[in-house]
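# Geometric and topological summary
Okay, here's what each chain looks like letter by letter:
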Amino acid sequence: MIADFVLASIHHVLVFSLAGIIAAEWMLIRPGLTGNALGLLASIDRVYGGVAMLVLAAGFLRVFHGTKGSEFYLENPVFWTKIGLFALVGLLSVPPTLRIMRWGKARREDAGFVVPETEVQAMRRYVHAEAALFLLIPVAAAAMARGYGYI
């Protein structure tokens, strides 16, 4: 019971952290992005990947070592909806990560590099889509916690 509480707490803290990281990226990816802000964005993006992996690890520990048992999760289509949404958010994060890496390289080659506004706008659309899909995950979690989708 205590282990389940600890796993749930860790999982929730990590999920909230991931939401904050997505929000931070969205706020940093703005026209005129350059210099220190670009370096900060690159650092935040690296943390994003790490926290996302920790969310998955904590979540799957809950599935296989939590009080409800793996059947509760693995047989529930709402659980798989959550996993699918998380995977989509992850896939949407790939183009911004690759672009941020290119921007970092350009910045190292030219200290005066400014991210082109068209690229900023394109990346903001990706991060906005990530955030929109990410917001659906707690909705699915709340439904699942109340027994929806359980066969």
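Being a predicted model, the structure only gives us computed values, none of them experimental. For every chain, the first residue of its written sequence is number 1, and the numbers climb from 1 along that sequence. Local features in this predicted model are restricted to residues of pLDDT 70 or higher, and side-chain atom pairs are both shown and tallied only at a pLDDT of 80 or more, whereas totals for entire chains, interfaces and linings draw on every residue. Each side-chain value is worked out from all heavy atoms of the structure, with water and hydrogens disregarded.

### What about the UniProt feature "transmembrane region" (unreviewed entry) in the chain?
Those residues carrying the UniProt feature "transmembrane region" (unreviewed entry) are residues 6-26, 47-65, 77-98 and 131-149 in this numbering. Per the convention used, a helix needs a DSSP run of H or I reaching at least four residues, while a strand needs a run of E reaching at least two, with both numbered from the N terminus. Helix makes up 100% of residues 6-26 and strand makes up 0%, while its end C-alpha atoms are separated by 30 Å. As annotated, residues 47-65 comprises 100% helix and 0% strand, and the C-alpha atoms at either end are separated by 26 Å. UniProt positions are given in the numbering used here, feature names are shortened, and annotations may be inferred rather than shown by experiment.

### So, the packing of helix α2 (residues 35-65) against helix α4 (residues 77-109)
With their axes 10 Å apart at the nearest point, α2 and α4 run at an angle of 155° to one another. In terms of orientation, α2 and α4 fall into the roughly antiparallel class. Where α2 crosses over α4, the two elements pack in a sense that is left-handed. For this scheme, ten residues count as nonpolar: Ala, Val, Leu, Ile, Met, Phe, Trp, Tyr, Cys and Pro. Four count as charged, namely Asp, Glu, Lys and Arg, and the remainder, Gly too, count as polar. Of the residues contributing to the contact of α2 with α4, the split by class is 15 nonpolar, five polar and two charged. For every element, the axis is a line fit to its C-alpha atoms; helices are fit only across the contacting stretch, and the angle between N-to-C directions ranges from 0 to 180 degrees. Each angle receives one of four descriptions, namely roughly parallel if under 35 degrees, roughly antiparallel if over 145, roughly perpendicular if within 65 to 115, and oblique otherwise. Handedness of a helix crossing follows the sense of rotation of the near helix relative to the far helix, less than a right angle counterclockwise being left-handed and clockwise being right-handed.

### As for a nonpolar patch on the surface
Together, Ile-2, Phe-5, Val-6 and Ile-10 give the surface a local cluster of nonpolar side chains, amounting to about 420 Å² of exposed area. Tracing the backbone shows Val-6 in helix α1 (residues 2-28). Summary of the burial criterion: residues with accessible area below 20% of their type's maximum are buried, those above 50% are exposed, and those between are partly exposed, where the area comes from a 1.4 Å probe applied to protein chains only. Owing to a relative accessible area of 38%, Val-6 belongs among the partly exposed residues under this scheme. Every patch collects residues that have over 30% relative accessible area and no salt bridge, joining them within 9 Å if they carry like charges and within 5 Å if they are nonpolar side chains (Val, Leu, Ile, Met, Phe, Trp, Tyr). Residue burial considers only the protein chains on display, and all accessible areas are found by Shrake-Rupley using a 1.4 Å probe. Should a side-chain nitrogen of Lys or Arg be within 4 Å of a carboxyl oxygen of Asp or Glu, the pair is scored as a salt bridge.

### Concerning the side chain of His-11
Locating His-11 in the fold gives a position in helix α1. Contacts are residue-level and defined by heavy atoms, with any inter-residue pair within 4.5 Å sufficient. Ignoring anything within four residues of it in the chain, the contact list for His-11 reads Val-55, Ala-58, Gly-59 and Arg-62.

### Let's talk about the environment of His-11
Under the relative-accessibility criterion, His-11 is labelled buried at 12%. Along the sequence, His-11 and Arg-62 sit 51 residues apart, while their C-alpha atoms lie 8.4 Å from each other. Here Val-55 takes part through its backbone oxygen, which lies 3.3 Å from a polar atom of the side chain of His-11. Between N or O atoms, a polar contact is any pair within 3.5 Å; within protein, one atom must be a potential hydrogen donor and the other a potential acceptor, and residues adjacent in sequence are included only when both atoms are from side chains.

### Thoughts on the nonpolar core
Ranked by size, the top nonpolar core spans 30 residues in total, and within it Leu-18, Leu-38, Leu-41, Trp-103 and Val-115 carry the most contacts. At the level of elements, α1, α2, α4 and α5 (117-145) are the ones that each hand at least two residues to this core. The leading source of residues in this core is α2, at nine residues. Every residue in contact with Val-115, bar those within four places of it in the chain, is listed here: Leu-33, Leu-38, Trp-103 and Val-120. Counting seven residues, the second largest nonpolar core, distinct from the first, contains Val-63, Val-78, Ala-140 and Met-144. What makes a nonpolar core is a set of buried Ala, Val, Leu, Ile, Met, Phe, Trp, Tyr and Cys residues whose side-chain atoms join them at distances within 4.5 Å.

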